[in-house]
Amino acid sequence: MNAVIVAVAVMLILSLLRINVVLSLVLGAFVGGLTSGMSIEATVESFTEGLGAGATIALSYGLLGAFAIAIAKTGIPELMITGMLKILNSESNSKGLVKVLIFFLIFLMSILSQNVIPIHIAFIPLLIPPVLKILNMLEVDRRLVATLIAVGLIGTYSFVPAGFGAIFQDIVATQVSEAGMVVSSRDVPVAMAIPVLGMLVGLFTAFIVYRKPRHYKNNEIEADSLHVNVSKFVMFSTAFALVVSLCAQVLTDSMIVGSFAGIMVMYFTGALKWKEADDILSEGMKMMAFIGFVMIAANGFAAVINATGHVDSLITSSITILKGNRSLAVFIMLVIGLVVTMGIGSSFATVPIIATLFVPLAQGLGMSPLAILCLIGTAGALGDAGSPASDSTLGPTAGLNVDGQHHHIWDTCVPTFIFINIPLILFGWIACVFFL
């Protein structure tokens with residue numbers, strides 16, 4: 001059997017059985033390596049070499065978590081929560097309004113985190129834990145919130161040509177051009193419009209499916225019990241730290257530098273008290289440590305998958321038997337993109353892997369440049385939702401599971417797979433066939 005399919009299947013099955021994701025990735029990588037014919041020594045070497053690529057990401061998320069918790073400890077996020085709780089407690093018919101406000105705020109932040117405020121998932125530990133107090137009172141199903149965040153993240157970088165979207169779309173255009181079909185990144189939003197529409201349809205469906213109340217523990221909270229008292233100086237210092245962090249990240253293209261700059265500003269302005277700083281920063285790093293370890297293990301997994309050489313054979317063997325059936329060929333290539341991304345957990349890293357072979361095959365089938373852009377962009381984005389190793393699922397879990405009532409696989413990965421990947425592959429296939 002193809003080693004890629006075996007490795008991903010082992011990883012997913014173990015994860016669904018509630019085996020720790022890091023252990024599932026490690027075991028899946030080794031099974032895949034051995035299945036391909038690699039020796040145990042070669043598999044270990046490939047896995048170990050791949051781990052280093054995840055170190056930067058792990059440190060980035062650790063510092064982002066520390067920065068987010070430092071901001072949360074100032075009490076600023078609680079001001080917003082206090083206002084919403086007062087509205088909720090003062091008016092019996094205000095539940096619907098508060099739900100709309102929360103959903104809008106979360107979705108808006110998910111979108112802005114990809115471009116205007118390019119902090120990616122760092123907003124989640126800052127915003128979601130305080131909001132959980134209200135979500136519990138309203139008995140909102142957290143699976144819906146996880147889907148909402150994932151659509152905001154993935155749909156934005158797939159369609160909006162700014163921030164992380166500009167990076168993703170440039171990768172798509174560059175890899176397609178290098179593979180033999182000269183295209184422009186300006187055409188990627190046009191190619192991805194229909195697939196992104198599919199994500200929105202899936203999100204709308206999730207609102208219907210998860211509309212019933214779901215009870216969580218400790219959901220009785222009074223607005224007056226928060227006792228939020230934030231000085232104007234702390235608010236100004238925190239806002240200044242956010243601006244400095246954003247500017248540093250944009251100028252250096254480094255989340256590490258941006259987070260470090262923000263933390264230092266909070267230190268020296270007094271927004272973060274020196275005697276409390278160590279505990280606060282450690283708390284933030286611990287919260288994001290799980291994501292860091294998963295990302296490190298995912299990079300080792302990806303290294304083994306690449307070393308097997310079975311991605312190429314999976315693509316060529318699948319397309320060879322199709323005998324020119326373009327519609328079926330497009331669907332098979334999208335499924336392959338889903339499998340690869342589910343395994344390595346990164347749509348950005350999937351595009352270079354699949355473009356080298358997908359583009360020549362698509363050209364041989366007579367597909368147009370716009371159809372090829374849609375194929376590569378959709379195949380890359382597929383799997384980002386639903387993958388246990390993706391930051392688009394790890395991020396929501398980090399925020400929604402602070403009280404231990406949200407399971408990473410069954411409450412984040414499975415819902416996002418159903419309501420994002422399934423509509424995305426369907427609408428992506430329709431778009432590719434339309435652009436043929």
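Structure: see above.
Treat the numbers as computed from the prediction; the structure is a model and nothing was measured.

Visitor: I'd like to hear about the overall build of the protein chain, residue by residue, with values.
Guide: For the protein chain, the helix and strand inventory stands at 19 helices and 0 strands. Across its three principal axes, the protein chain shows a C-alpha extent of roughly 70 × 50 × 40 Å. Among the 436 residues that make up the protein chain, the fraction classed as buried is 54%.

Visitor: Would you mind going over the packing of aromatic side chains in detail, with residue names and values included?
Guide: To describe a pair of aromatic rings, you give the distance between the ring centres and the angle between the ring planes. If you walk through the whole model with that rule in mind, you get 7 aromatic pairs. Geometrically, the ring pair formed by Phe103 and Phe207 is edge-to-face, given 5.3 Å between the ring centres and 85° between the ring planes. Residue Phe103 is found in helix α6 (residues 95-112), and its partner Phe207 is found in helix α10 (residues 188-209); the two are separated by 104 residues along the sequence. Residue Phe103 is classed as buried on the basis of its relative accessible area of 13%. Relative to Phe348, the ring of Tyr157 has its centre 5.2 Å away and its plane inclined at 55°; by these criteria the two rings are tilted. With Tyr157 in helix α8 (residues 142-159) and Phe348 in helix α16 (residues 347-364), this pair connects stretches of sequence that are 191 residues apart.

Visitor: Describe the side chain of Ser392, and please don't skip the residues or the numbers.
Guide: Structurally, Ser392 can be placed in helix α18 (residues 391-400). In terms of polar contacts, Ser392 uses its side chain to reach the side chain of Asp384, at 3.4 Å. In contact with Ser392, not counting residues within four places along its chain, are Ala150, Leu153, Ile154 and Asp384.

Visitor: Quick rundown of unusual backbone geometry? Include the residues and the values.
Guide: Even without being a glycine, Glu139 presents a positive backbone phi close to 55°. Tracing the chain through its elements places Glu139 in the loop between α7 (124-138) and α8. The exposure class assigned to Glu139 is partly exposed, which follows from its relative accessible area of 27%.

Visitor: Any details on the environment of Leu135? Residues and values, ideally.
Guide: By secondary structure assignment, the location of Leu135 is in helix α7. Each residue touching Leu135, except ones within four places of it in the same chain, is listed here: Ile102, Val140 and Val145.

Visitor: Lay out the nonpolar core in plain terms, naming residues and giving numbers.
Guide: Ranked by internal contacts, the top residues of the largest apolar core, which has 107 residues, are Leu25, Val176, Phe301, Phe358, Leu375 and Ile376. Ranked by residue count, the leading element in this core is α8, at 10 residues. What Val176 contacts, discounting residues up to four positions off in sequence, is Met181, Val183, Val359, Ile372, Leu373 and Ile376. Ranked by size, the runner-up nonpolar core spans 16 residues in total, among them Leu63, Ala66, Met266 and Ala277.

The rules behind each value
- Residues numbered from 1 in each chain as written.
- Predicted model: local features only at pLDDT ≥ 70, side-chain atom pairs only at ≥ 80, totals over all residues.
- Heavy atoms only, no water.
- Helix = DSSP H or I, 4+ residues; strand = E, 2+ residues; numbered from the N terminus.
- Buried < 20%, exposed > 50% of the residue type's maximum accessible area, 1.4 Å probe, protein only.
- Phe/Tyr/Trp six-rings, centres within 6.5 Å; stacked < 30°, edge-to-face > 60°.
- Polar contact = N/O pair within 3.5 Å; in protein donor to acceptor, adjacent residues only side chain to side chain.
- Contact = heavy atoms within 4.5 Å.
- Core = buried A, V, L, I, M, F, W, Y, C linked by side-chain atoms within 4.5 Å.

These figures come from the coordinates and say nothing about function on their own.
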